Amino acid sequence: MAKILCVSNQKGGVGKTTTTNAIAMGLKHLGRRVLCVDFDPQGDLSFSLRADNRVVMQNSIYHALKGELLAVQTIQHTPLCDVIPSNMLLSAIELEFTGKGREYLLSKCLKPVFNLYDNILIDSPPALGILTVNAFTVSDYVLIPALPDIFSLQGLVQLKGTLEEVRKKSNPNVKAAGIVLTHFASRETVSKVIKEASSDIANQLDVPLLNTTIRQSNALTNAQIHREDIYKFASRNKAVGDYKALVEELIKREVL
């Protein structure tokens, strides 16, 4: 049975897709069977993993949710990772499904492939609508990338509220894997102050602040633009090393 991790933050630009990609590559290098589910209509994860996510394609997560295809029929086996792609069609789900039980769409869709993988990673959209609720409903854990910025961290109160609602209504077992600070400049004094403040906010939210922080690096962006495995593209890069440490920490915490 796969362990399912959703990477989520309602704020864009925090490294959510980069983090999902990096964790997937890290797990692949450990010999894990990994499936990535792109649940963001922007489809950036699909692109970075070399999946075909053109709107004309008829085998995206959107088609699986609608019941037109089985989930296994939408999986693309790319040179990087198995992935169920997404595109802008997914944004229509909010309007097309308005009835009772719509928070279980993704759970029902993915259930037949649970035993095919060790880990399933879900890249959720930068919003807290029905797509994110679906992602939380099927997940064991939610990982929250956040900028080392007090205002960004305070905005996590709303995400925590959504997580608590999902616990009450559709998935009592989902847990917060923790907050991971991205774009972190460890040598700057202000970053150290923010990390201390982040710890206080995390305690208030009752969400772990992970020990690992992720440095900002152009190598991460370039690897995704070139659709390459970050561990091969920039193996000696410090930010890549940070992501390796993140995977190790999440494994120690039994999240992965």
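Now for a quick tour of the structure.

Concerning helix α1 (residues 16–29)
Note: α-helices contain 3.6 residues per turn, so residues at a spacing of three or four share the same orientation.
For step 1, the next point in the chain: Across its 14 residues, α1 extends 20 Å between first and last C-alpha, which sits within 8% of the 20 Å expected from 1.5 Å per residue.
For step 2, the next point in the chain: Across the 14 residues of α1, twelve count as buried, placing the element largely inside the fold.
For step 3, the next point in the chain: When α1 is considered as a whole, its buried residues turn out to be Lys16, Thr17, Thr18, Thr19, Thr20, Asn21, Ala22, Ile23, Ala24, Met25, Gly26 and Leu27.
For step 4, the next point in the chain: Once α1 ends, the next one or two residues include glycine 31, with phi positive near 85 degrees.

Thoughts on the pattern of salt bridges
For step 1, the next point in the chain: Per the counting criterion, the structure on display carries twelve salt bridges.
For step 2, the next point in the chain: For arginine 50, the salt bridge goes to glutamate 228, with nearest N and O atoms at 3.2 Å. A residue pair is termed long-range when its members are at least 10 positions apart, and arginine 50 in the loop between α2 (44–48) and α3 (61–65) and glutamate 228 in the loop between α11 (218–225) and α12 (230–233) qualify at 178 residues.
For step 3, the next point in the chain: With a relative accessible area of 32%, glutamate 228 lands in the partly exposed category.
For step 4, the next point in the chain: A salt bridge links glutamate 96 to lysine 66; the shortest N-O distance between them is 3.3 Å.

Here's the deal with the layout of surface pockets
For step 1, the next point in the chain: Here the largest pocket is characterised by a volume of approximately 510 Å³.
For step 2, the next point in the chain: Along the wall of the largest pocket there are 26 residues; nearest its centre are Gly15, Lys16, Thr17, Thr18 and Gln224.
For step 3, the next point in the chain: At the level of elements, α1, α2 and α11 are the ones that each hand at least two residues to the lining of the largest pocket.
For step 4, the next point in the chain: By residue number, the principal contributor to the lining of the largest pocket is α11, which donates five residues.
For step 5, the next point in the chain: Across the lining of the largest pocket, the residue classes tally to seven nonpolar, 14 polar and five charged.

Points about the environment of glutamine 73
For step 1, the next point in the chain: Along the chain, glutamine 73 falls in helix α4 (residues 71–74).
For step 2, the next point in the chain: On the basis of relative accessible area, glutamine 73 is assigned to the partly exposed category, the value being 45%.
For step 3, the next point in the chain: Sequence separation of glutamine 73 and asparagine 59 is 14 residues, and the distance between their C-alpha atoms is 7.1 Å.
For step 4, the next point in the chain: At 2.7 Å, the side chain of glutamine 73 forms a polar contact with the backbone nitrogen of leucine 70.

Topic: the nonpolar core
A general feature of soluble globular proteins is that nonpolar side chains tend to end up buried together.
For step 1, the next point in the chain: Residues Val37, Phe39, Ile61, Leu65, Ile120, Ile122 and Ile179 are the most contacted members of the largest nonpolar core, which totals 48 residues.
For step 2, the next point in the chain: The leading source of residues in this core is helix α7 (residues 130–138), at six residues.
For step 3, the next point in the chain: Apart from residues no more than four positions distant in its own chain, leucine 65 is found in contact with Phe39, Leu90, Ile93, Phe97, Leu105, Leu106 and Cys109.
For step 4, the next point in the chain: Of all hydrophobic cores here, the second largest spans 36 residues; its members include Ala51, Val83, Leu210 and Tyr243.

Notes on the state of the cysteines
For step 1, the next point in the chain: Enumeration according to the criterion identifies zero disulfides in this entry.
For step 2, the next point in the chain: As a non-bridged cysteine, cysteine 6 has cysteine 36 as the owner of its nearest cysteine sulfur, 12 Å distant.
For step 3, the next point in the chain: With no disulfide of its own, cysteine 36 has cysteine 81 as its nearest cysteine by sulfur position, at a separation of 4.0 Å.
For step 4, the next point in the chain: On the basis of relative accessibility, which here comes to 0%, the residue cysteine 36 falls in the buried class.

Considering the sheet that holds strand β2 (residues 34–38)
For step 1, the next point in the chain: With mixed pairing, eight strands are arranged side by side in an open sheet as β3-β4-β2-β5-β1-β6-β7-β8. One side of each edge strand has no neighbouring strand; the edge strands of this open sheet are β3 (76–77) and β8 (209–213).
For step 2, the next point in the chain: With five bridges joining them, β2 and strand β5 (residues 119–123) adopt parallel strand pairing. Residue pairing across strands places valine 34 opposite asparagine 119, the latter belonging to β5.
For step 3, the next point in the chain: Against the sheet, α7 engages β1 (3–7), β5 and β6 (141–146), with an angle of about 150 degrees to β1.

Analysis parameters
- Residues numbered from 1 in each chain as written.
- Predicted model: local features only at pLDDT ≥ 70, side-chain atom pairs only at ≥ 80, totals over all residues.
- Heavy atoms only, no water.
- Helix = DSSP H or I, 4+ residues; strand = E, 2+ residues; numbered from the N terminus.
- Expected span 1.5 Å × (residues − 1).
- Buried < 20%, exposed > 50% of the residue type's maximum accessible area, 1.4 Å probe, protein only.
- Salt bridge = Lys/Arg side-chain N within 4 Å of Asp/Glu carboxyl O.
- 1 Å grid on protein atoms, 1.4 Å probe; cavity = no way out; pocket = protein on both sides within 12 Å on 5 of 7 lines; lining within 4 Å.
- Points joined across faces, edges and corners; volume = space filled by probe spheres on them.
- Nonpolar A, V, L, I, M, F, W, Y, C, P; charged D, E, K, R; others polar.
- Polar contact = N/O pair within 3.5 Å; in protein donor to acceptor, adjacent residues only side chain to side chain.
- Core = buried A, V, L, I, M, F, W, Y, C linked by side-chain atoms within 4.5 Å.
- Contact = heavy atoms within 4.5 Å.
- Disulfide = S-S within 2.5 Å.
- Pairing = 2+ DSSP bridges.
- Axes fitted to C-alpha atoms, helices over the stretch in contact; angles between N-to-C directions.

In short, the description is geometric, and any link to function would need to be established separately.
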